[in-house]
Amino acid sequence: AIGWAPSAAAYDGIYRDRIARVMLLLPLVVLFIGAATSEGWSSVDYRRRSTPSDRLCSAQALRAATRPADLQLSTAYDQDVPPYIVGEAVRSALRSDRGVCFDFTTDRYASNQAHDGLGRSVSVVKIEGKGTTQFLNAKFSQSVPAKDRSFAYKTAYLTPKGRVNDVLLVVATPDENGLVNEAFLVTSPGNSGSTLYDQLSPFVFPMDQVKLIDCSPSNESIQTTVITLACSKIHDASTSFKKNVVLDVLAEAGNKPFEDFELPSLGECIHFKAGTDDSTDLFILQHTFLPQESCRGYTIILQEDLSNPNPLADRVWDNLTAEDNDKGPVGLGALEFESLRVESGSPGFGTEYTGDGSKKSEDDFDQQESSSSNYHAKANPMELHLGNLIDIEKGCYQGQEGIAAVLKNKRGPARQLYQVAFYDSENDFDGSSSGFGMLTIDNDKLAGFQEIAKNAATIENDTRQPRAGDKLYVLGSNESIEVGRITSASEPNGSGDAKTLALALVKRPGPILKAITEQNLDLPMWWEDEDDGEDPTERNLGSRREDAGSGILKPPPLDQLHNLEVVIGGSYTVGRLLAVPSRRYEYKSNGDVASLLDYEKLGRVVNTEEGGSPGYFQYNFGDRAEDDTSIIEVQDDDMLDEEMSTIEEEAERAAAEMEAALEEVKRKEEKMKMLKAKAEAAMAKRQKKQEGTKPVDDEAEAQRKEEKMARLKAQAEAAMARRRKKHS
């Protein structure tokens, strides 16, 4: 029923405990069946499937107990509505032509149950001045693109050690000369308030020639609003945005004609003025704060004066979510966005974006209660699959040394972001899957039996919902093979399915797979679909299925630990690692077999006669992939002829260059011989000259000295004669 068969070595304490609990429940089941038989109930009565009303009553009783304490976020739905119904409604709207919408600056569904600081709002910081481009390039990881019109791009704000503080959305408008003198920085959902402004302002100096403006709600003169509309398809999002925002609201707010209004493409931005006095700045861009694998859509940024009695932002939101707008999107709260974020495999602020975090070690975190300490992931962009936000060709920026150290490591990043699925069918969360709460038979004896079962001594159940900071181990390893840690956990059943999703940073796959093999445990069965056995018409967020009958076997994912069975440390909670949606292979109906060759570098397919199971993919267990010179890529004749021609041209060019180099060497050698001969002749001539003049010079010098001595002797004798004459 659960889709896997563990090996003999995998039957550790988890399975023994489950078997013991089943054996203890057998007498109760026999008692229940006997009572049912004595009353003459038909099998249809007590085996019938639960109706939606039954599931609603059961879920209402369990929601408060199963929702994690750190997920008490605001929601657009009533607190009593079961999470799976909310999840189904949200994803149904997302796949429709209406879509969903968020207000990322004002919590429209705030309630007393929402804790302070746990919202999913963003903050906006405006940069002005001639040095805007230089400031953006020096502080953040991505380079400012050179464009002559308004644009938008994402960049990473890193710590000096290269860890991610946040991922920012940059919206800029060049002037008539193509220079960027103004830009907006929009934080990730959850990084609200003045945090970014307070972090950047101390490092702004006069020589930077920029000015920072805090556009958070604390600004008493300007109101900044960020609203997003999203659908599964960009065409549906475009239609809904034009209808509900452009034509219904913006066309009435000014004199600009919107009948032929074209929405921006990815990376572009439209900036214009609105209002009767053009007092409102509007920026429209293609962005949703979620990966494109989950949804596509548009974001509108409005800046208007607070003195406006009827803000344009309120009119936009009210029209989007009006009850009489049957073509409008569904408004969502922070809780619904958080479920979408985790299901789409997107890292978030405060969970994966934690900067350098606390100085406490992971061992210190394990010794504390999770309710009193937050887990800090301390992740770099490569670990979170955000390498596209790094421009490795640009000059110095904050965190460059840390990024360079990761890129130089031949083993790659130490961890990678995975998704973890905890299925209700494989876990007994707080005894909720016992099944007694799902039976609704009007009978006094049955009610009495249920009361007895409720008040009976409960069996200790160490199965619980996942939470940030939990350690993950390979299932069956008796917690001897550590896999990683959970960083985020969504609301149970919040995806609309009977499972709880989480995100985790997982260690390098090489040592883990090697340890699994050494302990004779089951390797990850990547060919199993996570949704096997479900209705094929029910598509989860971010999943794209191949049309039936294509005949193309899905290759392994990019991440080697996909479908690895894990267990939370110190519990019986069993889950399964999944590659995040952006890392899963997307195979199309046109038979794109060329891309399959990229996966051969990860290992090889073992045939049945070689001892492996059918379709078993054997990865290279080493930390670095071995030389794959044995892999032959099949290409057509035209491509081979073209490559051979190119190789021959390169060979001829190399031969010509070699001949020219040899000629140059020969010429230099002859020149050196000539210079050496000239030097030797000059030295001989000089030596001969010195030998011929040396005797003449010595004779003349001796004669000169003799004459000088005679002259000095005569002078001395004359002086002595005069002296004797004077004394006599």
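About the cut-offs
Residues numbered from 1 in each chain as written. Predicted model: local features only at pLDDT ≥ 70, side-chain atom pairs only at ≥ 80, totals over all residues. Heavy atoms only, no water. Helix = DSSP H or I, 4+ residues; strand = E, 2+ residues; numbered from the N terminus. Buried < 20%, exposed > 50% of the residue type's maximum accessible area, 1.4 Å probe, protein only. Contact = heavy atoms within 4.5 Å. Areas by Shrake-Rupley, 256 points an atom, 1.4 Å probe, with all protein chains shown as cover. Pairing = 2+ DSSP bridges. Phe/Tyr/Trp six-rings, centres within 6.5 Å; stacked < 30°, edge-to-face > 60°. Axes fitted to C-alpha atoms, helices over the stretch in contact; angles between N-to-C directions. Patch = residues over 30% accessible without salt bridge, like charges linked within 9 Å, V, L, I, M, F, W, Y side chains within 5 Å. Salt bridge = Lys/Arg side-chain N within 4 Å of Asp/Glu carboxyl O. Parallel < 35°, antiparallel > 145°, perpendicular 65-115°, else oblique. Nonpolar A, V, L, I, M, F, W, Y, C, P; charged D, E, K, R; others polar. Core = buried A, V, L, I, M, F, W, Y, C linked by side-chain atoms within 4.5 Å. pLDDT = per-residue confidence, 0-100.

As for the overall build of the chain
Line of reasoning, step 1. Across its full length, the chain holds 14 helices and 19 strands.
Line of reasoning, step 2. Across the 728 residues that make up the chain, the buried fraction comes to 42%.
Line of reasoning, step 3. Taking contacts inside the chain between residues at least 6 apart in sequence as the whole, the part at least 24 apart equals 70%.
Line of reasoning, step 4. A total of about 39900 Å² of accessible surface is found on the chain, and carbon and sulfur atoms cover 52% of it.

Observations concerning the pairing of strand 1 (residues 100-103)
Line of reasoning, step 1. Alternating positions in strand 1 separate into two faces, V100 and F102 on one and C101 and D103 on the other, with burial throughout.
Line of reasoning, step 2. Note: strand 1 against strand 11 (residues 330-331), two bridges, orientation parallel. Looking at the pairing, C101 lines up with G331 of strand 11.
Line of reasoning, step 3. Two strands pair when backbone bridges link them, and strand 1 and strand 7 (residues 222-231) are joined in this way by four bridges, in the antiparallel orientation. Within strand 7, the position partnered with F102 by the bridge is T228.

Brief notes about the packing of aromatic side chains
Line of reasoning, step 1. This model, assessed by the stated rule, comprises nine aromatic pairs.
Line of reasoning, step 2. Taken together, a centroid distance of 4.7 Å and an interplanar angle of 50° make the contact between F104 and F289 tilted. In this pair, F104 is assigned in the loop between strand 1 and strand 2 (124-128) and F289 in the loop between strand 9 (280-285) and strand 10 (296-305), connecting sequence segments 185 residues apart.
Line of reasoning, step 3. The class for F104 is buried, based on a relative accessible area of 2%.
Line of reasoning, step 4. Centre to centre, the rings of Y109 and W317 are 6.5 Å apart; their planes meet at 65°, and the pair counts as edge-to-face.

Considerations on the sheet that holds strand 9
Note: strands within a sheet are paired through backbone hydrogen bonds, in either parallel or antiparallel orientation.
Line of reasoning, step 1. The mixed open sheet is built from six strands, whose spatial order is 8-9-10-7-1-11. Two strands close off the open sheet at either side, each with one partner strand: strand 8 (269-274) and strand 11.
Line of reasoning, step 2. Its contacts with the sheet put helix 4 (residues 83-94) on strand 1, strand 7 and strand 11, and the angle it makes with strand 1 is roughly 105°.

Observations regarding a nonpolar patch on the surface
Line of reasoning, step 1. A surface patch of nonpolar side chains, about 390 Å² in accessible area, is lined by F203, F205 and M207.
Line of reasoning, step 2. Note that F205 resides in the loop between helix 6 (195-200) and strand 6 (211-214).
Line of reasoning, step 3. Owing to a relative accessible area of 46%, F205 belongs among the partly exposed residues under this scheme.

Quick word on the pattern of salt bridges
Line of reasoning, step 1. Counting across every chain of the model gives 19 salt bridges.
Line of reasoning, step 2. Its salt-bridge partner being D314, residue R108 comes within 3.4 Å of it at the nearest N-O pair. Of this pair, R108 sits in the loop between strand 1 and strand 2 while D314 sits in helix 8 (residues 312-320); the two residues are 206 residues apart in sequence, bridging distant segments of the chain.
Line of reasoning, step 3. A salt bridge links R583 to D559, with the nearest nitrogen and oxygen atoms 2.8 Å apart.

A closer look at the side chain of R341
Line of reasoning, step 1. Tracing the sequence through the fold places R341 in helix 9 (residues 334-343).
Line of reasoning, step 2. Not counting the four nearest positions on each side in its chain, R341 is found in contact with L290, S346, P347, G348, T351, E352, S488 and L503.

Overview of the sheet that holds strand 4 (residues 164-174)
Line of reasoning, step 1. Reading across from one edge, 3-4-5-2-6 is the order of the five strands in this open sheet, with antiparallel pairing throughout. Here the strands that pair on one side only, and so sit at the sheet edges, are strand 3 (151-158) and strand 6. Between one strand and the next, the sheet's axes are offset by a mean angle of 25°, whatever the strand orientation.
Line of reasoning, step 2. Where strand 3 meets strand 4, eight bridges bridge the pair, whose relative direction is antiparallel. Note on strand 4: the bridge partner recorded for L158 is V164.
Line of reasoning, step 3. Where helix 5 (residues 132-139) meets the sheet, it contacts strand 2, strand 3, strand 4, strand 5 (180-186) and strand 6, and its direction lies at approximately 40° from that of strand 5.

Points about the packing of helix 4 against helix 9
Line of reasoning, step 1. Where helix 4 meets helix 9, the axes come as close as 11 Å, and the angle between the chain directions of the two elements is 75°. Classified by the interaxial angle, the pair formed by helix 4 and helix 9 is roughly perpendicular. Of the residues in helix 9, those touching helix 4 at V86, V90, R91 and L94 are E336, S339, L340 and E343.
Line of reasoning, step 2. Class assignment for the residues of the contact of helix 4 with helix 9 results in four nonpolar, one polar and three charged.

Details of unusual backbone geometry
Line of reasoning, step 1. Phi at H385 takes a positive value of approximately 60°, unusual for a residue other than glycine.
Line of reasoning, step 2. Relative to the helices and strands, H385 is located in the loop between helix 10 (362-366) and helix 11 (400-408).
Line of reasoning, step 3. Positioned with a positive phi, E479 is a non-glycine residue whose angle comes to about 60°.
Line of reasoning, step 4. Structurally, E479 can be placed in the loop between strand 13 (471-474) and strand 14 (482-489).

A closer look at helix 9
Line of reasoning, step 1. Along helix 9, ten of the ten residues are buried, which leaves the element largely enclosed by surrounding structure.
Line of reasoning, step 2. Taken as a whole, helix 9 has its buried residues at A334, L335, E336, F337, E338, S339, L340, R341, V342 and E343.

A short note on the environment of Q292
Line of reasoning, step 1. Along the chain, Q292 falls in the loop between strand 9 and strand 10.
Line of reasoning, step 2. When its relative accessible area of 38% is taken as the criterion, Q292 is described as partly exposed.
Line of reasoning, step 3. Q292 sits 59 residues away from K233 along the chain, and the two C-alpha atoms are 9.5 Å apart.

A word on the nonpolar core
Line of reasoning, step 1. Residues V171 and F289 are the most contacted members of the largest nonpolar core, which totals 27 residues.
Line of reasoning, step 2. Contributing elements (two or more residues each) for this core: helix 4, strand 1, strand 4, strand 5, strand 7, strand 9 and helix 9.
Line of reasoning, step 3. The greatest single-element share of this core, amounting to four residues, is contributed by helix 4.
Line of reasoning, step 4. Contact partners of F289, with chain neighbours within four places excluded, come to F104, V122, L169, V186, T187, P189, V226, T228, T299 and F337.

Examining the confidence of the model for the chain
Line of reasoning, step 1. Chain-level statistics for the chain give a pLDDT mean of 76 and a share of 68% at 70 or above.
Line of reasoning, step 2. Within the model, the stretch residues 1-25 combines pLDDT values under 50 with 44 contacts to residues more than four positions away or in other chains.
Line of reasoning, step 3. Considering only residues more than four positions removed or in separate chains, one finds that residues 587-602, a stretch of pLDDT under 50, has 31 contacts.

Brief notes about the pairing of strand 7
Consecutive residues of a regular strand have side chains that alternate between opposite faces of the sheet.
Line of reasoning, step 1. Among the ten residues in strand 7, eight count as buried, and that is most of the element.
Line of reasoning, step 2. Across ten bridges, the pairing between strand 7 and strand 10 is antiparallel. When the bridges of strand 10 are listed, C231 appears paired with R296.

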